[in-house]
Amino acid sequence: MTEHQNINSSASSSASGSIAAPTAAPEATRPWWREPVMWWVVGGPSLVVVASFITLGLALRYPDPVLQEQASAKAMQPAKEARNHAATGGK
């Protein structure tokens, strides 16, 4: 075999893939609901929305009672009037 034929045969063997570099397999993608970061991003605001509805339900079920007129300090009179005004809807 001549020198020219040896070069061609070694080039053809590497081109055929017998000495090819290993290739990385494509990374398998996971569904969106299996990503932990997604639950932090979506779960936090969702928890706040649920808590606000629970708070609204408690506020509607157990409203603050209107304070009766009793002998109270003159300093508490404006706060008491504002609280009663808000509790009765401005009546």
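Treat the numbers as computed from the prediction; the structure is a model and nothing was measured.

J.: Before we move on, could you go through the overall build of the chain and cite the residues and values that matter?
T.: Along the backbone of the chain there are three helices and zero strands. Secondary structure of the chain in N-to-C order comes out as α-α-α. Within the chain, the proportion of its 91 residues that are buried is 3%. When the accessible surface of the chain is summed, it comes to about 8400 Å², and 66% of that surface belongs to carbon and sulfur atoms.

J.: Please provide a residue-by-residue account of helix H2 (residues 36-61), values included.
T.: Its 26 residues give H2 an end-to-end C-alpha distance of 37 Å, which sits within 8% of 38 Å, the value for a rise of 1.5 Å per residue. At Gly43, H2 shows its largest kink, close to 30 degrees, and the proline Pro45 lies no more than four residues downstream.

J.: Could you give an account of the pattern of salt bridges, naming the residues involved and the relevant values?
T.: Close approach of charged atoms allows side chains with opposite charge to pair. Within this structure, the stated rule accounts for one salt bridge. Residues Arg30 and Glu35 are paired through a salt bridge, measuring 3.3 Å at the closest nitrogen-oxygen approach.

J.: Residues and numbers for a nonpolar patch on the surface, please.
T.: Taken together, Val37, Trp40, Val41 and Val42 make up a surface patch of nonpolar side chains, about 470 Å² in accessible area. With respect to the secondary-structure elements, Val37 resides in helix H2.

J.: Account for the packing of aromatic side chains, with residues named and values stated.
T.: Two measures describe an aromatic ring pair: the distance that separates the ring centres and the angle between the ring planes. In total, this model carries one aromatic pair according to the counting rule given. Pairing Trp32 with Trp33 gives two aromatic rings, centres 5.9 Å apart and planes at 85 degrees, and the pair type is edge-to-face. Take Trp33: its relative accessible area is 44%, and that puts it in the partly exposed class.

J.: Before we move on, can you summarise the confidence of the model for the chain with the specific residues and values?
T.: With 64% of its residues at a pLDDT of at least 70, the chain reaches an overall mean of 75. Looking at the elements of the chain, mean pLDDT is at its lowest for helix H1 (residues 3-15), recorded as 52, and at its highest for H2, recorded as 95.

J.: Account for the environment of Asp64, with residues named and values stated.
T.: Counting through the fold element by element, Asp64 comes out in the loop between H2 and helix H3 (77-88). The class for Asp64 is exposed, based on a relative accessible area of 56%. Separated by 24 residues in the primary sequence, Asp64 and Thr88 place their C-alpha atoms 9.7 Å from one another. Ignoring any residue separated from it by four or fewer positions in sequence, one finds Asp64 in contact with Arg83 and Ala87.

Calculation notes
- Residues numbered from 1 in each chain as written.
- Predicted model: local features only at pLDDT ≥ 70, side-chain atom pairs only at ≥ 80, totals over all residues.
- Heavy atoms only, no water.
- Helix = DSSP H or I, 4+ residues; strand = E, 2+ residues; numbered from the N terminus.
- Buried < 20%, exposed > 50% of the residue type's maximum accessible area, 1.4 Å probe, protein only.
- Areas by Shrake-Rupley, 256 points an atom, 1.4 Å probe, with all protein chains shown as cover.
- Expected span 1.5 Å × (residues − 1).
- Bend = angle between axes of the 7 residues up to and from the residue.
- Salt bridge = Lys/Arg side-chain N within 4 Å of Asp/Glu carboxyl O.
- Patch = residues over 30% accessible without salt bridge, like charges linked within 9 Å, V, L, I, M, F, W, Y side chains within 5 Å.
- Phe/Tyr/Trp six-rings, centres within 6.5 Å; stacked < 30°, edge-to-face > 60°.
- pLDDT = per-residue confidence, 0-100.
- Contact = heavy atoms within 4.5 Å.

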